[in-house]
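Take a look at the letters that make up each chain.
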Amino acid sequence: MTTCVVVRKGDEVAIAADALVTFGDTRLSRAYERNQKVIPVGESFVALAGTTAHFPVMRALLTGMGEECRLMTRDDVFRTFLKVHERLKNEYFINTKEDEDDPYESSQIVCLIANPGGIFGVYSYREVFSFDRFWGIGSGRNYALGAMHAVYDRPEMDAGDIARIGVDAGIEFDKSSAGPIDVHTVKILAAPHETPQQPGGAATNKDGAA
């Protein structure tokens, strides 16, 4: 599967993911295909876990929604993913069934979101979580959570540093995760009485690319 994390610390949020795709026992590393698990969507970054079929679908769907794709608050994310679910069914033919006693149709999507509004997680039944510190998804998440917990309160560590350490722990111990690590950071929107350092929350790649 994967290791994907989001971190919020100070005036910065970060999102990071590994780059390995697997097909059963076969590994497809970055050396053979540019696997990209973090999708830029407007001012947001979205990291996906699960079947590789999700990646082209969600990339096309989210980037093609225009103004309908709003991800800056927990309520925005929920309403957007209701629309995503409808389009997944009608346009992309997703199988909405997981278990016989499912309370709702499943979107089969698990993802993390980072943007100037904060860090969020979305699960199969459109459950949306807004995180205060950090979170992880994928098969390497438990290793990532432990590593991030161990370093989060260190004053020299910013959100990007912590996110990288989390994914690195997943790569070290999870057989389905491998580098290189993609890290993206975003400035959080300032409170109304403050002046934002970067209007609109300009996004940068931790490795130096915009």
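Procedures and definitions
Residues numbered from 1 in each chain as written. Predicted model: local features only at pLDDT ≥ 70, side-chain atom pairs only at ≥ 80, totals over all residues. Heavy atoms only, no water. Helix = DSSP H or I, 4+ residues; strand = E, 2+ residues; numbered from the N terminus. Rg over C-alpha atoms; globule rule 2.2 N^0.38 Å. Buried < 20%, exposed > 50% of the residue type's maximum accessible area, 1.4 Å probe, protein only. Contact = heavy atoms within 4.5 Å. Areas by Shrake-Rupley, 256 points an atom, 1.4 Å probe, with all protein chains shown as cover. Lys, Arg positive; Asp, Glu negative; His and termini not counted. Charge placed at Lys NZ, Arg CZ, Asp CG, Glu CD. Axes fitted to C-alpha atoms, helices over the stretch in contact; angles between N-to-C directions. Parallel < 35°, antiparallel > 145°, perpendicular 65-115°, else oblique. Left-handed = near helix turned anticlockwise from the far one by under 90°. Nonpolar A, V, L, I, M, F, W, Y, C, P; charged D, E, K, R; others polar. Core = buried A, V, L, I, M, F, W, Y, C linked by side-chain atoms within 4.5 Å. Pairing = 2+ DSSP bridges.

1. A short note on the overall build of the protein
So, step 1. Within the protein, the secondary structure is distributed over 4 helices and 12 strands.
So, step 2. In terms of overall dimensions, the protein is globule-like: its C-alpha atoms have a radius of gyration of 17 Å, near the 17 Å expected for 210 residues.
So, step 3. In the protein, which comprises 210 residues, the proportion classed as buried is 47%.
So, step 4. For the protein, restricting intrachain contacts to residue pairs at least 6 apart in sequence, the fraction spanning at least 24 positions comes to 55%.
So, step 5. Only carbon and sulfur atoms are counted for the fraction: they give 51% of the accessible area of the protein, which is about 10600 Å².
So, step 6. Of the side-chain charges in the protein, 22 are positive and 30 negative, and the distance between the mean point of each set is 2 Å.

2. Structural notes on the packing of helix H1 (residues 54-64) against helix H2 (residues 74-92)
So, step 1. Where H1 contacts H2, the axes come no closer than 11 Å and their chain directions differ by 120°. Relative to H2, H1 is oriented oblique. Once H1 is placed against H2, the crossing between them reads as right-handed. Contact residues: H1 offers Val57, Met58, Ala60, Leu61 and Leu62, while H2 offers Phe81, Val84, Arg87, Leu88 and Tyr92.
So, step 2. When the residues that make up the contact of H1 with H2 are grouped by side-chain class, the tally is 9 nonpolar, no polar and 1 charged.

3. Considering the nonpolar core
So, step 1. Core analysis: the biggest nonpolar cluster contains 22 residues, and Phe81 and Ile113 have the highest contact counts within it.
So, step 2. Leave out the neighbours within four places in its chain, and Ile113 touches Val6, Ile15, Ser44, Phe45, Val46, Leu71, Val77, Phe81, Gly118, Ile119, Phe120 and Val122.

4. Comments concerning the packing of helix H3 (residues 141-151) against helix H4 (residues 159-173)
So, step 1. Where H3 meets H4, the axes come as close as 7 Å, and the angle between the chain directions of the two elements is 140°. Considered as vectors, H3 and H4 are oriented oblique to each other. Crossing of H3 over H4 shows right-handed handedness. Facing H3, whose interface residues are Tyr143, Ala144, Ala147, Met148 and Val151, H4 presents Ile162, Ala163, Ile165, Gly166, Ala169, Gly170 and Phe173.

5. Let's talk about the sheet that holds strand S7 (residues 110-115)
So, step 1. Overall, antiparallel pairing links the 5 strands, which are arranged S5-S6-S7-S8-S9 in an open sheet. Each edge of the sheet is formed by a strand with only one pairing partner; in this case those strands are strand S5 (38-41) and strand S9 (128-131). Ignoring strand direction, the axes of neighbouring strands in this sheet form an average angle of 25°.
So, step 2. Across 4 bridges, the pairing between strand S8 (residues 118-122) and S9 is antiparallel. In the strand pairing of S9, Phe120 is matched with Ser130.
So, step 3. The sheet contacts of H1 involve S5 and strand S6 (44-49), and relative to S5 the element is tilted by about 10°.
So, step 4. Of the strands in this sheet, S7, S8 and S9 are in contact with H2, which crosses S9 at around 155°.

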